[in-house]
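One letter stands for each residue in the lines below.
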Amino acid sequence: MSDDNLQGALHNDIKDLIRLETRCLNAADLETWSSLFTEDGYYWMPLERTQTDPEQHDSLIYDNRALMTMRRYNLHNPLSPSMQREVRSVRILSEPDIDLSAAPGGDIIVRADVIAVIHHRKQDTFAGAVTWRLVRTDAGLKIKSKRVDLLNADAPLDSIMMYI
């Protein structure tokens, strides 16, 4: 297979992973969604675009695998008082921008814009930019990190019940 064909196949695999992640979030399938992450993977929604380290700043969300598991449990637990109503959502992503050379160590950087409409008691619309850091594993591509920079992260926000 030529280099162009290999690169084309990799781009398709990357887009397939991003589409799968979006489908999982829209279906509130957080079990499958969290399995798309590496064991040390994390989801980060910083308060400001200028933040560079989730452990040095306050964040709207900074979840590792353990916190993803807890959020998944709470989202589907009928005894959770905040979850008496189903969370429904739809996400619209721009065409992903794939950079195979931006990250050290062979990681793959993917960027896209997102609009997420989430309904839980009322409908909220979130817009922002998403950056995924993907890695190749024996099991295929995995998400090492996902960063969501909300357009209005510095504004007062209602509780965010779902990942964006």
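So, here's what we can say about the structure.

Reading the values: the criteria
Going along each chain's sequence as written, the residues are numbered from 1 onward. Local features in this predicted model are restricted to residues of pLDDT 70 or higher, and side-chain atom pairs are both shown and tallied only at a pLDDT of 80 or more, whereas totals for entire chains, interfaces and linings draw on every residue. As a rule here, side-chain values come from all non-hydrogen atoms in the structure, and water together with hydrogens is ignored. Secondary structure follows DSSP: runs of H or I at least 4 residues long count as helices, runs of E at least 2 residues long count as strands, and numbering of each begins at the N terminus. Radius of gyration: C-alpha atoms only; globule rule: 2.2 Å multiplied by the number of residues to the exponent 0.38. Each residue's exposure class comes from its accessible area (1.4 Å probe, protein chains only) as a fraction of the maximum for that residue type: buried when under 20%, exposed when over 50%, partly exposed otherwise. Pairs of residues are marked as contacts when any of their non-hydrogen atoms sit within 4.5 Å. Accessible areas in this description were obtained via Shrake-Rupley with a 1.4 Å probe; residue shielding takes into account the shown protein chains only. By definition, a salt bridge exists where a carboxyl oxygen of Asp or Glu is found within 4 Å of a side-chain nitrogen of Lys or Arg. Side-chain atoms within 4.5 Å link the members of a nonpolar core, which is a set of buried Ala, Val, Leu, Ile, Met, Phe, Trp, Tyr and Cys residues. Whether two strands pair comes down to DSSP finding at least two bridges between them. The pairing test for Phe, Tyr and Trp rings, Trp by its six-membered ring, is centres within 6.5 Å, and the orientation test on the planes gives stacked under 30 degrees, edge-to-face over 60, and tilted for anything in between.

## Examining the overall build of the chain
Thought 1: In terms of regular secondary structure, the chain is built from 3 helices and 7 strands.
Thought 2: The N-to-C order of helical and strand elements in the chain reads α-α-β-β-α-β-β-β-β-β.
Thought 3: In terms of C-alpha radius of gyration, the chain reaches 16 Å, essentially the compact-globule figure of 15 Å for 164 residues.
Thought 4: Judged by the C-alpha coordinates and their principal axes, the chain covers about 55 × 30 × 25 Å.
Thought 5: Relative to its 164 residues, the chain shows a buried fraction of 41%.
Thought 6: Expressed as a percentage of contacts within the chain between residues at least 6 apart in sequence, the contacts between residues at least 24 apart total 57%.
Thought 7: With an accessible surface of roughly 9,300 Å², the chain has 49% of that area assigned to carbon and sulfur atoms.

## Let's talk about the pattern of salt bridges
Thought 1: For the coordinates displayed, the defined rule picks out 9 salt bridges.
Thought 2: Among the ionic pairs, Glu21 bridges to Lys146, the shortest N-O distance being 2.8 Å. Note that Glu21 is positioned in helix α1 (residues 3-26) and Lys146 in strand β7 (residues 140-150), a separation of 125 residues in sequence. As far as the burial class goes, Glu21 and Lys146 line up, both buried.
Thought 3: Residue Asp107 pairs with Arg133 through a salt bridge whose shortest N-O separation is 3.5 Å. Taken together, the residues Asp107 in the loop between β4 (97-99) and β5 (108-120) and Arg133 in strand β6 (residues 122-137) connect sequence positions 26 residues apart.

## As for the nonpolar core
Thought 1: Counting residues in hydrophobic clusters, the biggest one holds 37 residues, and the most contacted among them are Trp33, Tyr43 and Ile164.
Thought 2: Elements with a contribution of two residues or more to this core: α1, α2 (30-35), β1 (37-46), α3 (65-76), β5, β6 and β7.
Thought 3: Leave out the neighbours within four places in its chain, and Ile164 touches Leu25, Tyr43, Met45, Arg91, Val114, Ala116, Ile118, Phe126, Lys146, Val148 and Leu150.

## So, the pairing of β7
Thought 1: Within β7, 8 of the 11 residues are buried, leaving the element largely enclosed by the surrounding structure.
Thought 2: With 4 bridges joining them, β1 and β7 adopt parallel strand pairing. Within the sheet, the bridge partner assigned to Tyr42 lies in β7 and is Ser145.
Thought 3: Two strands pair when backbone bridges link them, and β6 and β7 are joined in this way by 10 bridges, in the antiparallel orientation. Its bridge partner lying in β7, Ala129 is registered against Asp149.

## Concerning the packing of aromatic side chains
Thought 1: Counted according to the given criterion, the structure contains 5 aromatic pairs.
Thought 2: Measuring from centroid to centroid gives 4.6 Å for Tyr43 and Tyr163, while their planes differ by 65 degrees, and the two rings are edge-to-face. With Tyr43 in strand β1 and Tyr163 in the segment after β7, the pair connects residues that are 120 residues apart, well separated along the chain.
Thought 3: Look at Tyr43 and you get buried, because its relative accessible area is 0%.
Thought 4: Classification of Tyr163 as buried rests on a relative accessible area of 0%.
Thought 5: An aromatic cluster of three or more residues is present, and its members are Trp33, Phe37, Tyr43 and Tyr163.

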